[in-house]
Amino acid sequence: MSKLILVPTPIGNLGDITMRALEVLRSAGLILAEDTRTTRILLDHYGIIAPLRSHHKFNEHRSLEAVCDGIERGTLTALVSDAGTPGISDPGFLIVRRCLERDIPVEALPGPTAFVPALVDSGLPSDRFCFEGFLPQKKGRQKRLASLAEEERTMIFYESPFRVLKTLGQLASVLGEDRKASVSRELTKKFEETIRGTLRSLATHFSTTQPRGEFVIVVAGNSFRDHPEENDWQCEA
Ligand code: SAM
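Throughout what follows, the structure given in this document is the object of discussion. (Residues numbered from 1 in each chain as written. Predicted model: local features only at pLDDT ≥ 70, side-chain atom pairs only at ≥ 80, totals over all residues. Heavy atoms only, no water.)

As for the packing of aromatic side chains
Aromatic rings in a pair are described by how distant their centres are and how their planes are angled relative to each other.
At step 1: Overall, the coordinates contain 5 aromatic pairs when judged by the stated rule.
At step 2: Between F131 and Y158 the ring centres are 5.0 Å apart and the planes differ by 80 degrees, which places this aromatic pair in the edge-to-face class. Separated by 27 residues along the polypeptide, F131 in strand 6 (residues 129–134) and Y158 in strand 7 (residues 154–159) bring together distant segments of the chain.
At step 3: Put simply, the rings of F115, F129, F131, F134 and Y158 touch in pairs and so form one group of aromatic residues. (Phe/Tyr/Trp six-rings, centres within 6.5 Å; stacked < 30°, edge-to-face > 60°. Helix = DSSP H or I, 4+ residues; strand = E, 2+ residues; numbered from the N terminus.)

Given below as C-alpha cells:
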C-alpha cells in the first residue's frame, strides 16, 4: 500500500530543505499544497515536476475521502504547507487522522518549523516547553491567556505583525511586565532578528518600531529565575 508523507518546507531560506524531502517531492504521484502557487516556486527552484492539488483549511474536509481513496489505489501522496511543517498551525491534522482511521500509513518527515529556532534562540529553558500556536483572536482569548498564568514551562506563540504589540501587552498584563521573553522575526530570512528582554521592554520596542514580517514570541514560564543556578534545568547531567 502507498502512504501519506508530510513534507516540511523552508520557512524562508530555500536552502533549508532536506535531501529526503526533495526525494519524496520528486517521487510523489500527487503533492497536496496549501497554496499551489507558493509550492510551485519551491518546486521550480529545485526543478521538480509533479502534479499539484490544492489542500487548505477551506477545502480539506471535502477532499479527505478522495485523497485517501487515491492513496489506497497506490498514489504516493505528499502534503506540504506554505512554510514549515504541515500540521503545525497549518493543515495536516485532519488528513493524518482520517488516514489513520482508514489504516493508511502516514509518515512525517523532520524538517523546518519556526518554533524550534525561536525557542533555542530565546535563551530561555528549552527542556520543557509548550507550544501555544496562535492565540484565539476574539472568543476565548482572555480565557486562554488566563489559563497560562501559572504555566511553568517556556511558552511559544505564533503571531502576525498586526497583533504582536497587542499580544505582548496582554501577556504582560496576565504574566507580569517583568517576565522574561523574546521575539524572533523573519527567521532564516535577510532581516532575521531575535530581541530578548522582558514583556514590558519588548512591548516598548514594538510600540516605537513598526513590526514587520513573521513573528514568534517566546515567554519564560513562571518558575524561571534569571540566575542559572536557581533553575533545575541548568543542573541536569
Ligand atoms: N507550519 C509552520 C511551522 O511549522 O512553523 C507555521 C505556519 S503558521 C500559518 C505561520 C506562522 O508561523 C507565522 O505567523 C509566524 O508566527 C510563524 N513563522 C513562520 N515562518 C516564520 C519565520 N520565518 N520567522 C518567524 N516566524 C515564522
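Focus on the site of the ligand
At step 1: As a structural note, the neighbourhood of the ligand is formed by 18 residues, with I88, D90, T113, Y158 and F215 the closest of them.
At step 2: Y158 places a side-chain nitrogen or oxygen 2.6 Å from an oxygen atom of the ligand.
At step 3: Contact between the ligand and E159: an oxygen atom at 3.3 Å from a main-chain N or O atom of the residue.
At step 4: Look at the ligand: alone it shows 570 Å² of surface, and the protein chains cover 91% of it.
At step 5: If you list the elements that add at least two residues to the shell around the ligand, you get strand 7 and strand 10 (215–219).
At step 6: By residue class, the composition of the shell around the ligand is 9 nonpolar, 4 polar and 5 charged.
At step 7: Counting contributing residues per domain, the shell around the ligand is built from domain 1 (4–108) and domain 2 (115–230), each supplying no fewer than three. (Near = heavy atom within 4 Å. Polar contact = N/O pair within 3.5 Å; in protein donor to acceptor, adjacent residues only side chain to side chain. Areas by Shrake-Rupley, 256 points an atom, 1.4 Å probe, with all protein chains shown as cover. Nonpolar A, V, L, I, M, F, W, Y, C, P; charged D, E, K, R; others polar. Domains from an automatic or database assignment.)

Considering the side chain of T198
At step 1: As for its placement among the helices and strands, T198 is situated in strand 9 (residues 193–198).
At step 2: With a relative accessible area of 15%, T198 lands in the buried category.
At step 3: Setting aside chain neighbours within four positions, we find T198 in contact with E177, D178, R179, K180 and A181. (Buried < 20%, exposed > 50% of the residue type's maximum accessible area, 1.4 Å probe, protein only. Contact = heavy atoms within 4.5 Å.)

So, to be careful, I would describe these as geometric facts and stop short of saying anything about function.
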